[in-house]
Amino acid sequence: MKDKKYYVTTPIYYSSGSFHLGHCYTTVICDALCRFKRLEGYDVFYLTGTDEHGQKVAERAMQAGKTPQEFVDVLYDQITKLWDLLGIKYDKFIRTTDAYHVKAVQEIFKKLYAKGDLYKSEYEGLYCTPCESFWTEAQLVNGKCPDCGRDVSMSKEESYFFRLSNYQDRLIEHIKSNPDFLLPQSRANEMINNFLKPGLKDLCVSRTSLKWGVPVTFDPNHVVYVWIDALSNYITALGYLSDDTSLFDRYWPADIHMVGKEIVRFHSIIWPAILMALDLPLPKQVYGHGWLLFEGDKMSKSKGNITDPFDLCAHYGVDALRYFLLRDVPFGSDGVYTNRSYLTRYNSDLVNDLGNLVSRTTAMLIQNFDGILPANDTPAELDNELIQMTNDLYVSVVKDMNELKVQNALISIFQVVQRANKYIDETKPWVLAKESENKGRLGTVLYNLAETIRIVAVYLSAFLVEAPEQILKCFGEGLPKLFENEVVFGKLKPGIHVSRTEKQLFPRVNIEKELIAMEDRLLSLQKEPKHEQLETTTEVKEEINIETFAKVELKTGKILDCEKLQNSNKLLKSTVQIGNETRTIVSGIAKYYSPEEMKGKDVVVVTNLKPAKLGGVVSEGMLLCAEDTSGNVVLLSPEKAIDSGSKIS
Ligand code: ME8
């Protein structure tokens, strides 16, 4: 099966903070691709893992009062729990602290040094600590790190350097002559024009200031710094330079490295150059996907705009989460997450279209045929379009998946679901059921629906992890191993037993109510970390200068009125006088203050906070509170009486 092998990798995830919905994007996409390829008969190897070394990890561990190893162990537990919850079927999970990886990285380092691809020198440059990257002046954006926007500082130390500049021409040539190597095409142009053509600088690949990393065996003051350690995971996981290279021999080169767009440079320039230096073949493809945006910004822990995948799965199920990520984001571009778009997608596609189709069809089969699948021996012209569309799916879905147009593949599958619902409206089975002479026709209609649903579930088993199995079970079918023989209309034999799904596939949600509940949960999550891991990875805020602090406008205010928000047991809506104006401010403090207690209080208000909807009400500012470690919350007040609207500085 060597020719039908498919080796897919996600980046290894930083073990320096907790994981949010944005992180799930790469793994869910790769999981769907792998499931699809397995159903096509490929011998798939899916690799994911964690990036556990580096300065940021060491700092966070110290802040959490743990050793770096203890710290990354907690993160490892968290991420593997998350992948299990999302049904991610990886074949191997690599941790960069795994002994075999450490050993192989040391060997790689030695090999590159022996070949003359590494040399010792001194590095001086602008360094971004969180990103562990040196930058040139020209690469900075407004004087800040171009990746994360934070401050950089001058740094100098003895380092080993990788002769990246030697590979510039070969890299340009490779990208140009292999149009599928780096996709989408826009990313290839960006790499060539912004990085390769202006000229590559040799790369600093060891540090002496850092201790939490892979030690360089022949120069113990140095540890291998990020690039060679992290990127090599894609080959060390397969046993490269170990005693058993059978996986490496079988699966390398990777068929696809799936990465977020911010790390395309590492994967399409630095990594291929390292591979060239090692005389290894390059991955067949690097795909730089877009970001999941939240309120116009990349969803990220440091921006505080994260959505908790554990919470989404607990309330709307794992399939809703997977479906949203796969269906809502045009692959390659950025996609926007909002609670509303999440719930709307859930209600419209999963509840109305798919859930409804399955429950109506199985109910009619049970009601009219005692759950015994009737024969389809009374065909009519009307049936052809549905049958044709269902049979045609294979070609279009395979094409879309080969081109990584995951969204399009799901759109086509759901067009068949919608066509089947329309078929019910056209054939009116409830009318056919009234006349016994129409029983044959009714049976054919229900057979066609059952068969369409079965085939849809076969396809969906590449994308979703719960519903397809439940749906197939209704027809006595298990999950498919291969598409072959499963996706052609007519497999179901009349006479088989049909049942309802064991539980309702997708319970409908009331969007407006649910939006309030989601905000409530977010507030309590921010107050009371739900997962053990969140507690241990609380971020210490970065230092800011006085100019940054001065951007926050604080004023005194007086609460004129206050009421509890309907549908929420956490939110209070206060009318606050601030000098000459009054504002509505929503605060998550109903657990600590009653509306009566709030009235008349002097408070401290952040007055230039962007208005935000909380509990369905636009909140025009924030009341400052203090919270102790036991979770007691108190409002802050001026120490003596002072006019409302007084500036605080
Ligand atoms: O980059 N939307 O790790 P990481 C979409 N350790 N994807 C997102 C996202 C968002 N809002 N936030 C994160 C690293 N990701 C390195 C990789 S590989 C040798 C080293 C994606 O934990 C991100 O684009 O920061 C990346 O693909 C993955 O999550 C891991 O990111």
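Residues numbered from 1 in each chain as written. Predicted model: local features only at pLDDT ≥ 70, side-chain atom pairs only at ≥ 80, totals over all residues. Heavy atoms only, no water.

Draft legend 1. Region of the structure containing the sheet that holds strand S8 (residues 203–204). Spatial ordering of the open sheet is given by S5-S4-S6-S8, a layout of four strands whose pairing is antiparallel. In this open sheet, the two strands that pair with only one neighbour each are strand S5 (133–135) and S8. In terms of strand pairing, strand S4 (residues 118–128) meets S5 through three bridges, oriented antiparallel. Bridge pairing in S5 links Cys 128 to Ser 133. (Pairing = 2+ DSSP bridges. Helix = DSSP H or I, 4+ residues; strand = E, 2+ residues; numbered from the N terminus.)

Draft legend 2. Looking closely at the site of the ligand. The environment of the ligand is made up of 24 residues, and the closest members are Ile 12, Tyr 14, Asp 51, Glu 262 and Leu 292. A distance of 3.1 Å is found between an oxygen atom of the ligand and a backbone nitrogen or oxygen belonging to Gly 260. Compared with its free state, where it exposes 660 Å², the ligand has 95% of that area covered by protein. Those elements that place two or more of their residues in the shell around the ligand are strand S1 (5–14), helix H1 (21–39), helix H7 (227–231), helix H8 (233–236) and strand S12 (256–260). Top element by residues in the shell around the ligand is S1. It accounts for four residues. (Near = heavy atom within 4 Å. Polar contact = N/O pair within 3.5 Å; in protein donor to acceptor, adjacent residues only side chain to side chain. Areas by Shrake-Rupley, 256 points an atom, 1.4 Å probe, with all protein chains shown as cover.)

Draft legend 3. Representation of the sheet that holds strand S2 (residues 43–51). Pairing is parallel across the open sheet formed by six strands, whose spatial order is S3-S2-S1-S12-S13-S7. Here the strands that pair on one side only, and so sit at the sheet edges, are strand S3 (92–95) and strand S7 (182–183). One ladder, built from four bridges, connects S12 with strand S13 (residues 286–289); its direction is parallel. Bridge pairing in S13 links Gly 260 to His 289. Where helix H3 (residues 68–85) meets the sheet, it contacts S1, S2 and S3, and its direction lies at approximately 160° from that of S3. (Contact = heavy atoms within 4.5 Å. Axes fitted to C-alpha atoms, helices over the stretch in contact; angles between N-to-C directions.)

Draft legend 4. Spotlight on the nonpolar core. In terms of nonpolar packing, the biggest core is built from 111 residues, with Leu 86, Tyr 342, Leu 354, Ile 413 and Phe 463 touching the most fellow members. Broken down by element, this core gets its largest block of residues, 13 residues, from helix H17 (residues 439–460). If we ignore the near neighbours within four places in the chain, the residues touching Phe 463 are Ala 32, Phe 36, Arg 322, Leu 326, Met 401, Val 406, Ala 409, Leu 410 and Ile 413. With 67 residues, the next largest nonpolar core counts Met 191, Phe 248, Tyr 251 and Phe 266 among its residues. (Core = buried A, V, L, I, M, F, W, Y, C linked by side-chain atoms within 4.5 Å. Buried < 20%, exposed > 50% of the residue type's maximum accessible area, 1.4 Å probe, protein only.)

Draft legend 5. Seen up close, the state of the cysteines. One pass over the full model with this rule turns up zero disulfides. Unpaired in terms of disulfides, Cys 30 finds its nearest cysteine sulfur in Cys 34, a separation of 6.3 Å. Here Cys 562 stays unpaired: no disulfide links it, and the sulfur of Cys 625, its closest cysteine neighbor, is 12 Å away. (Disulfide = S-S within 2.5 Å.)

Draft legend 6. Highlighting the pattern of salt bridges. What the rule picks out here adds up to 38 salt bridges. With a shortest N-O distance of 3.1 Å, Glu 486 and Lys 491 are connected by a salt bridge. What makes Glu 486 buried here is its relative accessible area of 16%. Owing to a relative accessible area of 28%, Lys 491 belongs among the partly exposed residues under this scheme. (Salt bridge = Lys/Arg side-chain N within 4 Å of Asp/Glu carboxyl O.)

Draft legend 7. Main features of unusual backbone geometry. Each neighbour pair has its own omega, and for Leu 183 with Pro 184 the value is -10°, a cis peptide bond. Looking at the secondary structure, you find Pro 184 in the loop between S7 and helix H6 (185–196). Cis rather than trans, the peptide bond between Trp 252 and Pro 253 has omega equal to 5°. Within the secondary structure layout, Pro 253 lies in the loop between helix H9 (246–251) and S12. Residues other than glycine seldom take positive phi values, yet Asn 142 does so here, at roughly 50°. Looking at the secondary structure, you find Asn 142 in the loop between S5 and strand S6 (153–162). Unlike most non-glycine residues, Lys 428 shows phi in positive territory, near 45°. With respect to the element layout, Lys 428 can be found in the loop between helix H15 (406–427) and helix H16 (429–432). Overall, the relative accessible area of 39% leaves Lys 428 in the partly exposed class.

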